[in-house]
Every structure is written in structure tokens, then in C-alpha cells.
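# Chain and residue survey
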Amino acid sequence: MKTTLLTISLLITLFLMSCTNSQPKQYNTNNPNIRYAGHIEKLDNEVILINSGSSATIYFEGDTCVLFLRNHNQNELYNFFSIELDDEDLGRFIIDGNEMIAIPIAINFQKDIHKVSVYKSTEASNGYINFGGILCQKVVEPAPAFEKTIEFIGNSITCGMGNDTLLIACHTNQWYDQHNAYWAYGPTVSRALKVNFLLSSVSGIGIYRNWNDVGLTMPEVYENLYLDNNSNQKRDFSLHSPNIVSIALGTNDFSDGDGVNERLPFDEKEFIETYITFVATVLSYYPKTQIALLNSPMLKDEKNEQFIKCLKAVKKHFEGSNYKPFAIFEFESFEPQGCDYHPEINDHLLMADQLYNFYSELLKD
């Protein structure tokens, strides 16, 4: 199935155009005009796109464009990526194996300068995608980057888990087959606001416990480059200076678990204290940022009321400090239509629409 999807999807939307008057040239990943974003690691000849929404963007001349990508996974699993050409989404595609492959992009209209971006659709726990450069007529200096940035810290909702069933129905094969970070609420609202985004998100993760109590929580992985237990590879926080750090964690802390592992009642005190400690860690790296605390569209009634109470307690703890006053956002309730009670793409569009004015006001400061 993997090879079929790759072959059909790419042949429908991507193919190598014949060369124009100038001979195409291959540009490696060290070209200073290639812009990277998100959680990445630069190697000698490749750049690892680590987490959801990590990307490489190139401005180029001509009608030939071939990207080089490699599925970086030792467990015979696959990943998904999204392609954007001149700010238009070309779709989500599958990549498997471990060999560097050529991804030709169809250029169907003339334009002095085109812009192409490749985004990792899946998250760090699914393996990585290595970017190996571009073949085109000429890579040119990129347009100025957006001035402001939002970092989105969260769980599976922030990753875009279960939101895209266009190619693969829910529960067909791998649990991450419907991941599409490009259309998660964070990247979606960021494009509308014309700001940069960074997703620091892991499916199933929580503040003091995860959805099934197995694995590391966000405070334990946040400072690690790969958002895992490898503390030897730390993030370089100097690479980012977010105007807003938006935290959407708590859904999994409040969950009833997987029915297999023992699940104790929700501990409000531990949740609040751990949340406060985590926010203090974030502020130690970004002391001038605006902290935004989000509730969850997947929690309702008594759980949601308790969740909001906890967020207010976290906000209150930092009142009177030298940090910017915290902001709390409450989603309007809706029934998620994606896989396993997750938001699907239209739900993420709704979430982004609800968040637009909230973030707009915070970005004015």
C-alpha cells in the first residue's frame, strides 16, 4: 500500500518538467538562501525535519523544481510530508524506505520567482524526514521572513493527529496515517496571521501524566531537541524568540486512560504545581514572551470546568511578576469529527478561526 500511495499521489500532482533554456543545478542544504523552520538538526549534507510542521522553504527561478527527501527511520515505518507551492497546498504524500528520493514538483504557470516549501506532516515519534536539497535553475534570496512567531506546545491535537482521512481512512494501518500538521490549528492560524510557527507537540502527552501513564511528560522532553528522552541533544533556544508561547496541554491528564494501565483519579494539586514549574521553565528561555493557556475542545462539562479552574490558578501564581500577564482562551464546544475523537481538518479550521482574534490582540504588544 505504501508504494502504491507514493507512486499514484506523486504522479498525479508532482512530475519533473523538461528543462528550460538554462540547465538546472543541484543546491545542497547548506545554501544560505534555504530557510528552515521548526525542530531541525543540520548534518553535513542533509537537514533532519524532526517534528510536526518542521519545514524547508526555497525561492527559485525557472520551471524545474525537484526536492530530495529521505525517510529517516530504522524501523521500516513511513512518514508523511506536505508540499506548498507559491502558498498553495499541493497535498500530503507518503515517504518510505531509507533511500534519498527525488520529488519533482509540477510548475504549471510562469512566474519570475516561485516559492516551494516541504513540511513534515508526522511527528518526531514516527521517525524523521531528511531534506537533501533542491534541483532547479537558480535558488534566489528569500522574501523577508515574518516578523513575529508563535510556538505551539501541545499534544496530539496540536500535532494534527487524526485530522486528514482524504487518502487513508481511520484505523486502516498505522495510528499516524491521518497526521497532517500543515492543517493543524497552529499552522493554519499562523498563515492567516502572517506569523512564523513552531510546533513543540507530542501525541498522548500531558503535564504530569500521559493518556495512559506510559512515557515521558512534556516537562521531561520539552528541552530535548527530539522531544524524547535523549537529554544529550538539547534544543538551542536562541534560534527562536516567540512573541507568544501557546500551551494546549491537559487533555491527556484529564483522560480516563487506556483501560489497561492503572488510572488514579485526577490530581488537581499535582497538575497545577507541575504546570507552574513547566511554565517557569519556558519563561527561563523566553522571559519576554506572552504566555497563552488554552483549554481543550475535547473536554466538556465538569472536566472542562475543573480544567479552566486549574488554568486560572496557574495564571494567578504569576500575577505580580515581571512577566507579561498570562492570557487564557476557552474554545467554544464542538464534536470532533476526526479519528478517535480528534478534530479533523474542518474542526482545526474552526479552532483557528476562534483563535484568530485572541492571538491578534496578543501580538499587538
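Structure shown above.
Let us look at the structure shown here.

Strands sit in the order 12-11-13-14-15 across an open sheet of 5 strands; the sheet is parallel. Edge positions in the open sheet fall to strand 12 (196–201) and strand 15 (327–329), since each of these has one partner strand only. If you compare each strand with its neighbour and ignore which way they point, the axes differ by 20 degrees on average. Where strand 11 (residues 149–154) lies against strand 12, 6 bridges are found, and the strand directions are parallel. Each bridged residue has a counterpart across the sheet, and for Glu 151 the counterpart in strand 12 is Leu 198. Sitting on the sheet, helix 3 (residues 185–193) is in contact with strand 11, strand 12, strand 13 (244–248) and strand 14 (290–294), with an inclination near 165 degrees to strand 11.

Our focus in this paragraph is the packing of aromatic side chains. Enumeration over the complete set of coordinates arrives at 27 aromatic pairs. On the numbers, 5.1 Å between centres and 45 degrees between planes, the contact of Phe 329 with Phe 358 is tilted. In this pair, Phe 329 is assigned in strand 15 and Phe 358 in helix 8 (residues 345–363), connecting sequence segments 29 residues apart. For the pair Phe 329 and Phe 358, one class covers both residues: buried.

Our focus in this paragraph is the pattern of salt bridges. Under the counting rule described, the total for this entry stands at 11 salt bridges. One salt bridge connects Asp 256 with Lys 303, and the closest N-O pair in it is separated by 3.1 Å. Residue Asp 256 is found in the loop between helix 5 (251–254) and helix 6 (268–285), and its partner Lys 303 is found in helix 7 (residues 301–317); the two are separated by 47 residues along the sequence. The class of Asp 256 is exposed, set by a relative accessible area of 62%.

Grouped together as the largest cluster of nonpolar side chains are 34 residues, with contacts concentrated most on Ile 247 and Phe 271. Elements that contribute at least two residues to this core include exactly helix 4 (218–221), strand 13, helix 6, strand 14 and helix 7. Among the elements that take part in this core, helix 6 stands out by supplying 8 residues, more than any other. Counting residues in hydrophobic clusters, the runner-up holds 28 residues, among them Tyr 119, Val 189, Phe 197 and Phe 358.

Another point: the state of the cysteines. Applying the stated criterion across every chain, the model contains 1 disulfide. Covalently, Cys 170 is tied to Cys 339 through a disulfide, its sulfur atoms 1.9 Å apart. Here Cys 170 and Cys 339 share a disulfide; its torsion about the S-S bond, -85 degrees, makes the bridge left-handed. With Cys 170 in the loop between helix 2 (156–159) and helix 3 and Cys 339 in the loop between strand 15 and helix 8, the pair connects residues that are 169 residues apart, well separated along the chain. Taking relative accessible area as the criterion, Cys 339 reaches 3% and is therefore assigned buried.

Parameters and conventions
- Residue indices follow the written sequence of each chain, beginning from 1 at its first position.
- Two thresholds apply to this predicted model, a pLDDT of at least 70 for residue-level local features and 80 or more for giving and counting side-chain atom pairs, whereas whole-chain, interface and lining totals are computed over all residues.
- Side-chain numbers come from the whole structure's heavy atoms, not from hydrogens or water.
- At least two DSSP bridges between two strands are required for those strands to pair.
- In this description a helix means any DSSP run of H or I spanning at least four residues, a strand means any run of E spanning at least two, and both kinds are numbered starting from the N terminus.
- As a rule, the C-alpha atoms of each element are fitted with a line to give its axis, helices using only the stretch in contact, and angles between N-to-C directions run from 0 to 180 degrees.
- Residue contacts are counted whenever heavy atoms from the two residues lie within 4.5 Å of one another.
- To pair, rings of Phe, Tyr and Trp, with the six-membered ring standing in for Trp, must have centres within 6.5 Å; the planes then decide the type, stacked if under 30 degrees apart, edge-to-face if over 60, and tilted in the middle.
- Throughout this description, buried means an accessible area under 20% of the type-specific maximum (1.4 Å probe, protein chains only), exposed means over 50%, and partly exposed covers the range between.
- Take a side-chain nitrogen of Lys or Arg and a carboxyl oxygen of Asp or Glu: if they are within 4 Å of each other, that pair is a salt bridge.
- For our purposes a nonpolar core is just a set of buried Ala, Val, Leu, Ile, Met, Phe, Trp, Tyr and Cys residues, chained together by side-chain atoms within 4.5 Å.
- Whenever a pair of cysteine sulfur atoms sits within 2.5 Å, that pair is classed as a disulfide.

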